[in-house]
Amino acid sequence: MTTKDLLFANNRAWAAATLARDPAFFDKLKNQQSPGYLWIGCADSRVPANEIVGLLPGEMFVHRNVANVVVHTDLNCLSVIQYAIDVLGINEIIVTGHYGCGGVIAALEQRRLGLIDNWLRHIQDVMRRHEALLAPHGAQAERARLLCELNVIEQVGNVCQTSMVQEAWGRGRDVIVRGWIYDVADGLLNDLGVRVGRDDSLALTQERALLAAAERARVRATAR
Ligand code: CO
């Protein structure tokens, strides 16, 4: 079977199984989507957004890129955030990183991979900003784990600072931005304790989450 045949056969089987479970499934979806969440995650094949939170097509709006980075000049990501807030009316934005992120590790190790090095500069900026938190950890694995968490906390801040979120808050919308991390080793999501709403101080929330991440890293290092 060719790759194309395999994927088409899988698709036919999936559509049939979905219809068998709910004969009206596609009829309900064909005219509109009304997802409750915007997920900003890594493009990594091991982190399939809908699947790991048990949501069906139509329930979550998804944007993925290498290392779940939110850059203020990335028209792609910004358009997704604007569409999610203004058109779909989504109030829950979740930035989800993952441990073992190839993009984060490449940035940490200053690997030369090509064009993507430019994208990963943003992770290196996170690294430089939090060098004091990373410095106590000599072990590369621990530095990578901590940097994956710090990156999510920083990207949550970037989402909050977009003009779309700022304006939505200004209009009184209850948009909430959260930061989670997924562990590819056990399939579990972890809350990084960063949750920012209209009335919260982003700086304080981030500071607390950064300190908590550093403390978890310290505990892991002493347990080793
Ligand atoms: Co990744």
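Read on for an overview of the structure. Here the structure is a predicted model, which is why all the values come from computation and not from measurement. (Residues numbered from 1 in each chain as written. Predicted model: local features only at pLDDT ≥ 70, side-chain atom pairs only at ≥ 80, totals over all residues. Heavy atoms only, no water.)

## Side note on the pairing of strand S3 (residues 92-98)
Short version of the rule: Note on classification: 1.4 Å probe, protein chains only; a residue is buried when its accessible area is under 20% of the maximum for its type, exposed when over 50%, partly exposed between these limits. For helices the rule is a DSSP run of H or I covering at least 4 residues; for strands it is a run of E covering at least 2, with both sets numbered from the N terminus onward. Here, a strand pair is defined by DSSP locating no fewer than two bridges between the strands.
Along S3, six of the seven residues are buried, which leaves the element largely enclosed by surrounding structure. Examined bridge by bridge, strand S1 (residues 37-42) and S3 share five bridges and lie parallel to one another. Following the sheet pairing, Gly 41 is matched in S3 by Thr 96. Bridge count between S3 and strand S4 (residues 176-183): seven bridges; the pairing is parallel. Paired with Gly 97 across the strands is Ile 181, a residue of S4.

## What about the coordination of the cobalt ion?
We count it as follows: For Na, K and Ca the donor cut-off is 3.2 Å, while for other metals it is 2.8 Å, and in both cases only N, O and S atoms qualify; water is not among them, so sites may look incomplete.
Donor atoms from the polypeptide that bind the cobalt ion are Cys 42 (SG), His 98 (NE2) and Cys 101 (SG), placed at 2.0 to 2.3 Å. Along the chain, the residues that donate to the cobalt ion are spaced as C-x55-H-x2-C. An identical accessibility class is assigned to His 98 and Cys 101; each is buried.

## Quick notes on a nonpolar patch on the surface
Just so we agree on the cut-off: Exposure above 30% relative accessible area and no salt bridge define the residues that can form patches, which grow by joining like charges within 9 Å and nonpolar side chains of Val, Leu, Ile, Met, Phe, Trp and Tyr within 5 Å. Only the protein chains shown count as cover for residues, and the accessible areas themselves come from Shrake-Rupley with a 1.4 Å probe. Only one rule defines a salt bridge in this text: a Lys or Arg side-chain nitrogen within 4 Å of an Asp or Glu carboxyl oxygen.
Among the surface-exposed residues, Met 1, Leu 6, Leu 7 and Phe 8 lie close enough to one another that they form a single nonpolar patch of about 460 Å² accessible area. Its place among the elements puts Leu 6 in helix H1 (residues 3-21). The partly exposed category is assigned to Leu 6, whose relative accessible area is 41%.

## Considerations on the nonpolar core
What counts is decided by this rule: Put simply, a nonpolar core is a bunch of buried Ala, Val, Leu, Ile, Met, Phe, Trp, Tyr and Cys residues held in one set by side-chain atoms that sit within 4.5 Å of each other. Here, residues are in contact when the closest pair of their heavy atoms is within 4.5 Å.
Counting 54 residues, the largest nonpolar core has Leu 38, Ile 81, Ile 93 and Val 159 as its most contacted members. Among the elements that make up this core, the one with the highest residue count is helix H8 (residues 140-160) (10 residues). Leave out the neighbours within four places in its chain, and Ile 81 touches Leu 38, Ile 40, Val 70, Val 159, Thr 162, Met 164 and Val 165. Membership of the second largest hydrophobic core comes to five residues, among which are Trp 39, Ala 49, Met 60 and Tyr 182.

## Re unusual backbone geometry
With the exception of glycine, the majority of residues adopt a negative phi angle, and the majority of peptide bonds are in the trans configuration. Positive phi is not limited to glycine here, since Asn 68 has a value of about 40 degrees. Relative to the assigned elements, Asn 68 resides in the loop between strand S2 (60-65) and helix H4 (75-87). Owing to a relative accessible area of 1%, Asn 68 belongs among the buried residues under this scheme. Positive phi values are uncommon outside glycine, yet Gln 110 reaches one of about 50 degrees. Relative to the assigned elements, Gln 110 resides in the loop between helix H5 (102-108) and helix H6 (116-129). A relative accessible area of 53% places Gln 110 in the exposed class.

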